[in-house]
Amino acid sequence: MTYSIGVDFGTGSGRVMIVDTNNGDILAMSVIDYRSGTIEQNLNGNPIPSSFALQDATDYIDVLKRGVPDALKEANINPNEIIGLGIDFTASTVVFADKDFTPLNEKEENKNNPHAYTKLWKHHGAEEEAKYIFNTAVKDKDRWLGYYGFNVSSEWLIPKLLEVKNHAPDMLEQATYIMEAGDWVISNLINENVRSNCGRGFKTFWNEDEGFFYDFYEKLDSELPDIVQDKLEGRLVKIGEQAGVLTDAFSEMLGLPEKLPVAPAIIDAHSGLLGIGSKKKNQLTMVMGTSTCHIMLHEKHVKIPGISGSVKDSIIPGLYAYEAGQSAVGDLFGYAVKQSPKEYTEEAEERGISIYELLEEKASQKEVGESGLVALDWHNGNRSVLSDSNLSGLLIGLTLHTKPEDIYRAYMEATAFGTKIIMASYEDWGMEVDDVFASGGLPQKSDLLIQIYADVLNRPITVSASDYASGVGAAILGAVAGDAHEDMDTTISKMKQPFLKTVEPIPENVEKYEKLFKIYNKLHDEFGFKHSYHVMKELKEIQENQETV
Ligand SMILES: Nc1ncnc2c1ncn2[C@@H]1O[C@H](COP(=O)(O)OP(=O)(O)O)[C@@H](O)[C@H]1O
Ligand SMILES: O=C(CO)[C@H](O)[C@H](O)COP(=O)(O)O
């Protein structure tokens, strides 16, 4: 028997799992919440802008310290049977660290400086920098922007780096390394500065043929090429390779075999494809959780407007992976839950169910269109296809009769409509979608959500039986690093998670949703780039003028 450890670093917690390399069974799992959670609104009692979402990177090591021994104990196996370790990470989550990989916020004098902290993927403080990069790149759009959907998102690493350069140059000066959090964890584990091609390709301006686009950096800022050279370079490791071996100190601390092979970090959503075994072109995988990523594989390189990126070899060697995404999905449902009135929270408590379950039950009793509501799901901005984190949510059709479950359902529908727009973009550019897979933590939690997606997309949706496909994907890479089987393809086939069910569209609902989608689409274009485009921006400006930065 051999096992691999997969660690899935999500937005709020890390999940350590021990996975059988022969059949993908998850033997044990330990879920560890980040001690400091996400730092929003205020840092140590001082207000920070509402666009900020910060973390403390030491919490990620804490996940390993507590989670690995926990999971080992639960699995009750001989630790020597563990042959590899892999991790996946939300991205672009950016750590600023000194020469010993210590995050800058660890230093006493930096504790109150928000720019010393890890900038979580959903930190949107670099909007100005993203706009500036876009405006510079647009002059040569085919080369630089084409690979990134003709977009620049403030969620990526280079805008975040420039944000620190503009607002806290001393932090940039102090940082020896600026790293994707996934690379930071791996570099700690093996005590070497390594970078995965997955994060690097999607979140910086880099590709496998040209490396970093130094000539582009020069156009952005004459100091940027040197900064990138000094702080972002590192030994490149590709998905499917071994990054290195565990240091003796970590072997001892985690209770793992000496010199355990470690895989390079992979972006969480991308790892989900490995976990469900999607390795062919024309399969669209929706990795649904706090946010959703829509990933496709293809042997061709097509420059598709509005997507978040396309990188060769970043999931399956030999194929390009394409990513598009929605920034608020589970987060949006969580927001609706938090707004629930007292009688709902009491009812949920009395019946021993969650408020999500209560809202879902009530929303399921409604007919399509019955509420008269349509929403725009931009509560955390729009990642694809508009790529504008300054956009905000919208709800139209409210009356004195609107119930919380109507709003909850409208939000679910809005995320499905957003996905329909993304899927249409892939198809418009010649990437036919033959199969739609749903994985991540959400599909298992909500039957209504998947039915709505099947009806809105008018496609059968095949749901992964595992909530933990990303973690298993990471374990697959650990098993590949540890040579569990003859090659990566065999390792995926053996360890992939089964499917639970396929949900078919209901023709009557499909028809009704076509009408509602037309309204969503109208609002999307109107507020996304047409006449009403400035409304949301103006509101944001008024709000920002009130904030103390
Ligand atoms: N029963 C539910 N129905 C709908 N959404 C849910 C439910 N339970 C939790 N969520 C949402 O799911 C998200 C967490 O998804 P998960 O995949 O577990 O995490 P992550 O995306 O961080 O890896 C949260 O945003 C939460 O609001
Ligand atoms: O940007 C992403 C991948 O490129 C993901 O959306 C981000 O990592 C957040 O993932 P999750 O919803 O699982 O927390």
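Residues numbered from 1 in each chain as written. Chains lettered and ligands numbered in written order. Predicted model: local features only at pLDDT ≥ 70, side-chain atom pairs only at ≥ 80, totals over all residues. Heavy atoms only, no water.

## Description of helix H18 (residues 488-495)
Phase 1 of the analysis: Along H18, the residues classified as buried are Met488, Thr490, Thr491, Ile492 and Met495.
Phase 2 of the analysis: Where H18 starts, the residue carrying a side-chain oxygen 3.5 Å from the main-chain nitrogen of Asp489 turns out to be Asp487. (Buried < 20%, exposed > 50% of the residue type's maximum accessible area, 1.4 Å probe, protein only. Helix = DSSP H or I, 4+ residues; strand = E, 2+ residues; numbered from the N terminus. Polar contact = N/O pair within 3.5 Å; in protein donor to acceptor, adjacent residues only side chain to side chain.)

## Topic: the sheet that holds strand S26 (residues 499-503)
Phase 1 of the analysis: Spatially, S20-S21-S19-S18-S24-S25-S26 is the arrangement adopted by the seven strands of the open sheet, whose pairing is mixed. Two strands bound the open sheet, and with one partner strand each, they are strand S20 (309-312) and S26. Adjacent strand axes in the sheet meet at a mean angle of 25 degrees when their direction is disregarded.
Phase 2 of the analysis: Inspection of the sheet shows strand S18 (residues 283-288) paired to strand S24 (residues 435-439) by five bridges, in the parallel sense. Following the sheet pairing, Thr285 is matched in S24 by Phe437.
Phase 3 of the analysis: Along the sheet, helix H14 (residues 404-428) contacts S18, strand S19 (292-298), strand S21 (320-326) and S24; its crossing angle with S21, the most-contacted strand, is approximately 150 degrees.
Phase 4 of the analysis: Running at roughly 150 degrees to strand S25 (residues 461-464), helix H16 (residues 447-457) makes contact with S18, S21, S24, S25 and S26 of the sheet. (Pairing = 2+ DSSP bridges. Axes fitted to C-alpha atoms, helices over the stretch in contact; angles between N-to-C directions. Contact = heavy atoms within 4.5 Å.)

## Comments concerning the environment of Asn110
Phase 1 of the analysis: Relative to the helices and strands, Asn110 resides in the loop between strand S8 (94-97) and strand S9 (118-119).
Phase 2 of the analysis: Sequence-wise, Asn110 and Met171 are 61 residues apart; in three dimensions their C-alpha atoms are separated by 8.6 Å.
Phase 3 of the analysis: The contacts of Asn110, once residues within four sequence positions are left out, are Leu104, Asn105, Ala116, Tyr117, Met171 and Gln174.
Phase 4 of the analysis: A polar atom in the side chain of Asn110 sits 3.1 Å from the backbone oxygen of Leu104.
Phase 5 of the analysis: Reaching out from Asn110, the side chain makes a polar contact with the side chain of Gln174 at a distance of 2.9 Å.

## Regarding the UniProt feature "domain: Carbohydrate kinase FGGY C-terminal" (unreviewed entry) in the chain
Phase 1 of the analysis: With numbering aligned to this structure, UniProt lists the feature "domain: Carbohydrate kinase FGGY C-terminal" (unreviewed entry) at residues 285-481.
Phase 2 of the analysis: Secondary structure within residues 285-481 divides into 42% helix and 19% strand; the distance between the first and last C-alpha atoms comes to 24 Å. (UniProt positions renumbered as here; feature names shortened; annotations may be inferred.)

## Regarding the site of ligand 1
Phase 1 of the analysis: Taken together, the neighbourhood of ligand 1 is formed by 13 residues, with Arg15, Thr290, Gly330, Tyr356 and Lys445 sitting nearest.
Phase 2 of the analysis: Between an oxygen atom of ligand 1 and a main-chain N or O atom of Gly330, the distance comes to 2.8 Å.
Phase 3 of the analysis: Between ligand 1 and Tyr356 there is a distance of 2.5 Å, counted from an oxygen atom to a side-chain nitrogen or oxygen.
Phase 4 of the analysis: Here ligand 1 has 580 Å² of accessible area as a free molecule, and 80% of this is covered by the chains.
Phase 5 of the analysis: Secondary-structure elements contributing two or more residues to the shell around ligand 1 are helix H11 (330-338) and helix H15 (442-445).
Phase 6 of the analysis: The element contributing the most residues to the shell around ligand 1 is H11, with four residues.
Phase 7 of the analysis: Classifying every residue of the shell around ligand 1 by side-chain character gives four nonpolar, six polar and three charged. (Near = heavy atom within 4 Å. Areas by Shrake-Rupley, 256 points an atom, 1.4 Å probe, with all protein chains shown as cover. Nonpolar A, V, L, I, M, F, W, Y, C, P; charged D, E, K, R; others polar.)

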